[in-house]
Amino acid sequence: MKQVTLKDGTLLPVIKLTKRDLPEIMQLQTKVIEHLSEKTFLQPLTDEEFEYILDGNGLLVGVRAKESLIAFRALRDPGEDPEHLGEDAGIPKEQWSSVLYSEITNVHPDFQGNGLQRQLGKIVMEEVDTNQFKYVCTTVAPFNIASIKDKFELGMHIAALSVKYETLTRYIMMKNLVADVSVANDDTIEVGMGETAKQQKLLGAGWIGTSIHAHDEGFMVTYRKMK
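Here the structure is a predicted model, which is why all the values come from computation and not from measurement.

### Here we look at the pattern of salt bridges
Under the defined criterion, the tally for this structure stands at ten salt bridges. Between Lys19 and Asp55 there is a salt bridge whose closest N-O contact spans 2.7 Å. One end of the pair, Lys19, is in the loop between β2 (11-16) and α1 (22-34); the other, Asp55, is in the loop between α2 (47-54) and β3 (58-65), with 36 residues separating them in the sequence. Among the charged side chains, a network of salt bridges with common partners joins Lys2, Glu126 and Glu127.

Rendered as structure tokens:
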């Protein structure tokens, strides 16, 4: 049984969630949204979407403390998604069936600051069957710094910057699970996170976002040219 570690050293087991846990999953998601300062940062899942995952179309793992669900993280098989992130990420259409989506991560407000999002991210990545799935894709809102850093720590990179969910601008981040991305490390460009058009131009020309850092004028994104 895999475990996560709280900052006080407490070890908690990671469990695979089932449909029996759905009421608690929804309650935790609601509580997390209530505590968000920027509600658009989180794209919540519906009951039906959680049920779809729990029916065997992905992976949903969680952590309990004193018998209460305090965190969960999800991967989802998107199936025939009409807005498939594989298209945004430049993955050939014939390989879209090998794409998983990194979906929502929720951590109870009382347990934030323990690195649970990062720890659960590593665990779900290790659980992916790479004989079936070769890529993990996700969307992240610009300026959702914690989430962007989380994805970079998991080895993902920015592959596109597009409008998703009808009106929301999102980074499309991805990870190739079976091959490393080759970049020219000595060829970098830094762009302000708010400079959408400039970033889109770089991404369209074969550059990828590989890290972010704080700057006097705000957060900057480091782009590297793919070989």
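There's plenty left to go through after this.
### Some thoughts on the pairing of strand β10 (residues 207-215)
Pairing geometry for β10 and strand β11 (residues 218-226), over eight bridges, is antiparallel. Bridge pairing links Gly209 to Tyr223 in β11. Where β10 hands over to β11, the hairpin turn is made up of two residues, counted between the paired strands.

### Re α2
Where α2 is concerned, the buried positions are Phe50, Ile53 and Leu54. For α2, the angular spread of buried residues about the axis comes to 95 degrees, placing them on one side. In the stretch just after α2, Gly56 is the one whose phi turns positive, near 105 degrees.

### Comments concerning the packing of aromatic side chains
Evaluation of the coordinates by the stated rule reveals one aromatic pair. Where Phe50 meets Phe72, the ring centres are 5.7 Å apart and the plane angle is 85 degrees; that geometry is what we call edge-to-face. A residue pair is termed long-range when its members are at least 10 positions apart, and Phe50 in helix α2 and Phe72 in strand β4 (residues 68-76) qualify at 22 residues.

### So, the packing of α1 against α2
For any two helices packed against each other, the geometry comes down to the angle between their axes and how far apart the axes lie. In contact at an axis separation of 11 Å, α1 and α2 are set at 130 degrees when each is read in the N-to-C sense. As the angle between them shows, α1 and α2 are arranged oblique. Crossing of α1 against α2: the hand is right-handed. Counting all contacts with α1, which are made through Leu22, Ile25, Met26 and Gln29, the residues of α2 involved are Asp47, Phe50, Glu51 and Leu54.

### A short note on unusual backbone geometry
Note: most peptide bonds trans; most residues except glycine with negative phi. Residues other than glycine seldom take positive phi values, yet Lys66 does so here, at roughly 50 degrees. Considering the arrangement of structural elements, one finds Lys66 in the loop between β3 and β4. We classify Lys66 as exposed; its relative accessible area is 83%. Positive phi, close to 75 degrees, is recorded for Phe143, a residue that is not glycine. Topologically, Phe143 is positioned in the loop between β6 (135-140) and α5 (145-153). On the basis of relative accessible area, Phe143 is assigned to the partly exposed category, the value being 42%.

What counts as what
Residues numbered from 1 in each chain as written. Predicted model: local features only at pLDDT ≥ 70, side-chain atom pairs only at ≥ 80, totals over all residues. Heavy atoms only, no water. Salt bridge = Lys/Arg side-chain N within 4 Å of Asp/Glu carboxyl O. Helix = DSSP H or I, 4+ residues; strand = E, 2+ residues; numbered from the N terminus. Pairing = 2+ DSSP bridges. Buried < 20%, exposed > 50% of the residue type's maximum accessible area, 1.4 Å probe, protein only. Arc of directions from axis to C-beta. Phe/Tyr/Trp six-rings, centres within 6.5 Å; stacked < 30°, edge-to-face > 60°. Axes fitted to C-alpha atoms, helices over the stretch in contact; angles between N-to-C directions. Parallel < 35°, antiparallel > 145°, perpendicular 65-115°, else oblique. Left-handed = near helix turned anticlockwise from the far one by under 90°. Contact = heavy atoms within 4.5 Å.

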